[in-house]
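What the coordinates show
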Amino acid sequence: MGTSKLMSLEEAISTFVQDGDVVGIGGLSFWRKPVSACREIIRQGKKNLTICTFVGGIEVDMLIGGGCVSEVKASFVGMEVFGMAPNYRKAIEAGQIKVSEESEASIALGLKCSYLKVPFMPLKGIIGTDFPKVRDDIKQFEDPLGSGTQLMALPKIDLDVALLHVPYADELGNGNIAGAVWLDDDMAKIAKKTIITCEKLVELEDIKHLPGKAQLPMQTTQAVVKVPFGSHPTSCYPNYTFDPKHIQTYLKMNFNDYKQKFISKKSQAQYLEEAGGVQTILNVLL
Amino acid sequence: MERMTEYSKDYTADEILTVLMAREVKNDDVMIVGVATPMVWAAFTLAKLTHAPEAIYHYIMGNTFVYEPRQVSLLYLEMNTARAYRFQNSGECTLESLPSDTLTTIEFFRPAQVDQFGNTNNICIGDWEKPKIRFPGCAGIADFSMFYKRGTFLYTTRHDTKTFVTSDKVNFISGVGFPDGKPSICGGSGPQCMITNLAYLDFDDSTKRMRVGSIHPGIDIEEIKSSTGFELLIPEGLKETEPPTIKEIKALREKADPIGIRKLEILAGSEREDFLNDIIEKELAMEMKFPKLIK
């Protein structure tokens, strides 16, 4: 029954990610980021992507370092207690990429607009900040129904493709997330194409019995790729936590050296070997 | 036997900050734990262990509501959020639950710049178009700072003239204080306090300007004045900050944050890096990865 959407990472990225796309990235900060998919985007040399994520970390920084990004929409891009995101910071300070200044609500509401098919959503926030000075696509207005409330109109965000990493998926495209969902479910709903990478491939029957079932349902998924440790060096609950040593390594290395060692022409197995192999896996396993 | 409150004699700078933040928590609060703020997590856990046992954690990293207190952790925060009694997706969290009239929320923001009216900047230094320094961003501060019924709570581990600047020097307002000395039209209570390594600052009821609420033991008022880029209101009969009690310090050191992860917010340079490496080694060596449940 059903058509299998299982494919290789190379095939999924080359088929469904085009230069100039608006790419939604799931997860949050150092948690459950689709980093293997981002490394593949760098390997394939995709260009002029607009990256949209709720809270970004090392994956956004890598894509910028890899020259794939022309614009970022995120409420925060940083390396948590490890410091600032170096490529993100450098690229903005040098005027090399565009930033759409975002808050948490502007991302969450922008995505909500997309599935409600409305051009904007109102928010009783952002008013009084300097956001309107740097965003000509947001506007303060008075409640048209007459309450007198001042509101901020925040525009729709459409995604061409969503990259989401989950612990469990079936080949039909049902994805199950253990733990926090963040905006992954909204992204899957609205993206024209959704690529799910997963730790473990299971059957539809298993998805039915997992808590939360298919938070990412098959009807919105185009590709499923099995990539164990696919969100390393970020976490994937309940399998592993983020890899603090790899993040430190990333911050100490010149990005081009990092790219040579960990990204260019590296299979997932070669990547994990370079990243410390068995010892690293034992370090991060929960 | 009745005894007078006994105060700690050996508390450190990170400890007085954490204790003062904990004291702001009320028993019916939802405590918002943001990204990369171990000191806030330590303060909230300390509050749970001392005077606010019913307070609820809301972890932004999980968008989860969690009831039980666990030891502060660097690597295993997500394990803690997986012990939630309710999950929300980020849309629900941002748009529905937090700015509600039935929850009293407490959230601490750590600004890169703050002016005399509590307006804050977490975006950039210099012109936004081509900044000298670009910061990670303001996350939800732009959404909530004008909203919270209980107001917002500010802290900094570095009370200096880079952080405390006059309104014209704030490069980007990403958190709303009292715009032009008036409450926000969005209905929130505005900034309630700014807790620093030198003083507890609050806001004057009529002018909404920042004033010295109390001065930490051993700190000179002149140091506070020279470390602030605008004129602080200084009330007559300036009070001294109530120091951390022995009980608070014991709960913080032995239960809430024994590894001392909160110190990452106060250390700098190679000292910080060495300490970070030490925390990582200690936590990687743990067999049980769930942050320790505190009973």
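Numbers given to residues run from 1 along each chain, matching the order in which its sequence is written. Naming scheme: in the order in which they are written, chains are lettered from A and ligands are numbered from 1. Where local features are concerned, this predicted model is filtered to residues with pLDDT of at least 70; where side-chain atom pairs are given and counted, the filter is 80 or more; whole-chain, interface and lining totals use all residues.

What to know about the overall build of chain A
Operational definition: Secondary structure counts use DSSP, requiring at least four H or I residues in a row for a helix and at least two E residues in a row for a strand, with both numbered from the N terminus. Our radius of gyration is a C-alpha quantity, and the globule rule it is checked against amounts to 2.2 Å times the number of residues to the power 0.38. For the exposure call, what matters is how many other C-beta atoms sit within 10 Å of a residue's own: 20 or more marks it buried, 12 or fewer exposed, and in between partly exposed, using C-beta atoms placed from the backbone.
Looking only at helices and strands, chain A has twelve helices and eleven strands in total. Here the C-alpha atoms of chain A give a radius of gyration of 19 Å, agreeing with the 19 Å that 2.2 N^0.38 yields for 286 residues. Summarising its shape, the C-alpha atoms of chain A cover approximately 60 × 50 × 35 Å along the three principal directions. Looking at chain A as a whole, 55% of its 286 residues are labelled buried.

A few points about the interface of chain A and chain B
A common way to report how large an interface is uses the accessible area buried once the components associate. Using the following cut-off: For every residue pair, C-beta atoms are placed from the backbone, and the pair is scored as a contact if these atoms sit within 7 Å.
If you look at the interface, chain A gives 50 residues, while chain B gives 47 residues. Of all the secondary-structure elements, those providing two or more residues to the side of chain A that touches chain B are helix 4 (86–93), helix 5 (104–116), helix 6 (131–134), helix 7 (184–190) and helix 9 (244–252) of chain A. It is helix 5 of chain A that provides the largest number of residues to the side of chain A that touches chain B, a total of five residues.

Overview of the sheet that holds strand 7 (residues 150–155) of chain A
All names here are of chain A. Operational definition: The rule for pairing is simple: two strands pair if DSSP sees at least two bridges between them. Fitting a line to C-alpha atoms yields each axis, with helices limited to the stretch in contact; the angle taken between N-to-C directions then spans 0 to 180 degrees.
Strand order in the open sheet formed by three strands is 5-7-6, with antiparallel pairing between adjacent strands. At either end of the open sheet lies a strand with only one pairing partner, and these are strand 5 (120–123) and strand 6 (139–142). Neighbouring strand axes in the sheet, compared pairwise and without regard to direction, differ in orientation by 40 degrees on average. Of the pairings in the sheet, the one linking strand 5 to strand 7 comprises four bridges and is antiparallel in character. Each bridged residue has a counterpart across the sheet, and for Leu-123 the counterpart in strand 7 is Met-152.

Thoughts on the confidence of the model for chain B
Detailed reading of the predicted model is not advised wherever pLDDT is low. Defined as follows: Each residue carries a pLDDT value, the predictor's own confidence for that position, ranging from 0 to 100.
Looking at chain B, pLDDT values average 93 and 95% of them are 70 or higher. Scored as a whole, the predicted complex attains pTM 0.96, and scored at its interfaces, ipTM 0.95.

Thoughts on the environment of A:Asn239
All names here are of chain A. For Asn-239, the location among the structural elements is in the loop between strand 11 (223–226) and helix 9. Between the C-alpha atom of Asn-239 and that of Phe-229, which follows or precedes it by ten residues, the distance is 8.7 Å. Here Asn-239 is in contact with Pro-167, Glu-199 and Leu-286, once residues within four sequence places are set aside.

Focus: the sheet that holds strand 3 (residues 64–66) of chain B
All names here are of chain B. Here ten strands make up an open sheet; going across it, the order is 4-3-2-1-5-10-11-12-13-14 and the pairing mixed. Pairing within the sheet leaves two strands with one partner each, and these edge strands are strand 4 (86–87) and strand 14 (239–240). When strand 12 (residues 199–203) meets strand 13 (residues 210–215), the two strands line up antiparallel, connected through five bridges. Residue pairing in the sheet places Asp-202 in a bridge with Arg-211 of strand 13. Taken strand by strand, helix 1 (residues 13–23) contacts strand 5 (104–109), strand 10 (152–155), strand 11 (191–195) and strand 12, and its axis lies near 165 degrees from that of strand 11.

Regarding the environment of A:Phe54
Mapping A:Phe54 onto the fold places it in the loop between strand 2 (49–53) and helix 3 (58–65). The buried category is assigned to A:Phe54, around which 31 C-beta atoms lie within 10 Å. The contacts of A:Phe54, once residues within four sequence positions are left out, are A:Leu28, A:Ser75, A:Glu104, A:Ile107, A:Trp182, A:Leu183 and B:Ser90.

Thoughts on the packing of helix 1 of chain B against helix 7 (residues 246–256) of chain B
Residues and elements named next belong to chain B. As a reminder of what qualifies: Oblique is the label for any angle not under 35 degrees, not over 145, and not in the 65 to 115 range, which are roughly parallel, roughly antiparallel and roughly perpendicular in turn.
With their axes 11 Å apart at the nearest point, helix 1 and helix 7 run at an angle of 105 degrees to one another. When the axes of helix 1 and helix 7 are compared, the pair comes out roughly perpendicular. Within the contact between the two elements, helix 1 uses Glu-15, Thr-18 and Val-19 and helix 7 uses Glu-248, Ile-249 and Leu-252.

A look at helix 1 of chain B
Note that an α-helix has 3.6 residues per turn; residues three or four places apart therefore point the same way. Residue and element names in this part refer to chain B. In terms of residue burial, helix 1 counts as a mostly covered element, since nine of its eleven residues are buried. Among all positions in helix 1, only Asp-14, Glu-15, Ile-16, Leu-17, Thr-18, Val-19, Leu-20, Met-21 and Ala-22 are buried. Close packing links the buried residues of helix 1 with helix 2 (38–49), strand 5, strand 10, strand 11, strand 12 and helix 7.

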